[in-house]
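If you want the building blocks of each chain, they are given just below.
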Amino acid sequence: MTTPAIDTGLVERLIAAQFPDWAGLPVREVDSAGTDNAMFRLGDEYAVRLPKAEWAAGQAEKEQKWLPRLAPHLTLPVPVPVGRGVPGEGYDRSWSVFAWLDGDDAYRTPIADLAHAAVELGRFGAALRRVDTSGAPRSFRGGGVTDWEGGAMTGAVRELGADGVLDAAAAHEAWESVLRLPQWDRAPVWLHGDLLPGNLLTRGGRLHAVIDFGGAGTGDPAVDLMAAWTLLTPETRPLFREAAEVDDATWARGRGWALCWGVVTEHHYRGKNQVLASVAHRAWSEALPEYGS
């Protein structure tokens, strides 16, 4: 059976078949640089989210189960599931309907008040780490950065260096220092796993909400510190660090994530996804100078 295109027609058919009370509401695709899911607005009150990448299968079930349990403990609004979709109309994955969260993602509408965002995002991460992890799934980014894409780092540095994008010698030296860092040796904690600007909603120039918990789970919280380099500035990073309540080693691993994720992701997505490539460039270019200071 041929998998149907994920478009407004498919969403309309799925809604009509599984949520007839919402049939007839206008469906509009939401433009997104995300690679895992397609998003559609359903009427004025709802959002429909369908996994489009093979590796994203299972994310809908996880969000449906865990978001209602996490939300009461968190300091920022997060998506609220209002409908659980199942495979149908030729589409073979579970999917979700959420209450619509107002705001623009921070890719398209940069946060104006970065000091406020630094404190609020730090508090959000600290609150998430305090949630009970009983029965929680492991995040795909819950291990050390070298467990993620560390093997691709050397080649990415070499090729970006040859193209004049970065200083390969400085990046290699910084990466060697990351490899020597002590690893997380405590019990796994909750983490979001993908706190990139596209998953942060802004309203009135301020951070308003956090979305996309497809990568959420437990592990080393260092990955959630990448926001210090993908979003913030040297002046606002200390505010984030203080609010996040992390130790020196965890902060250093977070910077290592920004370096590695940034280099590997820019190398992979340049020419394919300019939004992700530009965020990745900012991540490593903000992190790398700190290794020489």
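This text gives an overview of the structure that appears in the document. (Residues numbered from 1 in each chain as written. Predicted model: local features only at pLDDT ≥ 70, side-chain atom pairs only at ≥ 80, totals over all residues. Heavy atoms only, no water.)

1. So, the packing of helix 6 (residues 168-179) against helix 9 (residues 248-269)
Helix 9 packs onto helix 6 with a crossing angle of 135° between their chain directions and a minimal axis gap of 10 Å. In terms of axis orientation, helix 6 runs oblique to helix 9. For the element pair helix 6 and helix 9, the recorded crossing hand is left-handed. Touching Ala171, Ala174, Trp175 and Val178 of helix 6 are Gly256, Leu259 and Cys260, all from helix 9. Here the residues of the contact of helix 6 with helix 9 are counted per class, giving six nonpolar, one polar and no charged. (Axes fitted to C-alpha atoms, helices over the stretch in contact; angles between N-to-C directions. Helix = DSSP H or I, 4+ residues; strand = E, 2+ residues; numbered from the N terminus. Parallel < 35°, antiparallel > 145°, perpendicular 65-115°, else oblique. Left-handed = near helix turned anticlockwise from the far one by under 90°. Contact = heavy atoms within 4.5 Å. Nonpolar A, V, L, I, M, F, W, Y, C, P; charged D, E, K, R; others polar.)

2. Examining the sheet that holds strand 8 (residues 200-203)
Judged by pairing direction, the sheet is antiparallel, and its three strands sit side by side in the order 6-8-9 without closing on themselves. Both edges of this open sheet fall to strand 6 (104-105) and strand 9 (206-210), since each of them pairs with a single strand only. In the sheet, strand 6 pairs with strand 8 via two bridges, with the strands oriented antiparallel. Residue pairing for strand 8: Asp104 is matched across the bridge by Thr202. Its contacts with the sheet put helix 3 (residues 114-129) on strand 8 and strand 9, and the angle it makes with strand 9 is roughly 25°. (Pairing = 2+ DSSP bridges.)

3. Some details on the sheet that holds strand 2 (residues 37-42)
Spatially, 1-2-3-5-4 is the arrangement adopted by the five strands of the open sheet, whose pairing is antiparallel. Each having just a single partner strand, strand 1 (27-30) and strand 4 (81-85) make up the two edges of the open sheet. Ignoring strand direction, the axes of neighbouring strands in this sheet form an average angle of 25°. Against the sheet, helix 1 (residues 8-18) touches strand 1, strand 2, strand 3 (46-51), strand 4 and strand 5 (95-99), its axis set at about 110° to strand 3. Docked against the sheet, helix 2 (residues 59-70) engages strand 2, strand 3, strand 4 and strand 5, running at close to 35° with respect to strand 5.

4. Concerning the layout of surface pockets
There is about 1200 Å³ of room inside the largest pocket. Considering the residues around the largest pocket, the lining is formed by 49 residues, among which Gly34, Thr35, Asp194, Asn199 and Asp212 are closest to the centre. Elements with a contribution of two residues or more to the lining of the largest pocket: strand 2, strand 3, helix 2, strand 5, strand 6 and helix 9. Per element, the largest residue contribution to the lining of the largest pocket is five residues, and it comes from helix 9. Its residues assigned to classes, the lining of the largest pocket comprises 22 nonpolar, 14 polar and 13 charged. As a volume, the second largest pocket reaches approximately 180 Å³. No other element matches helix 10 (residues 274-287), which puts four residues into the lining of the second largest pocket. Residue composition of the lining of the second largest pocket, grouped by class: nine nonpolar, two polar and one charged. (1 Å grid on protein atoms, 1.4 Å probe; cavity = no way out; pocket = protein on both sides within 12 Å on 5 of 7 lines; lining within 4 Å. Points joined across faces, edges and corners; volume = space filled by probe spheres on them.)

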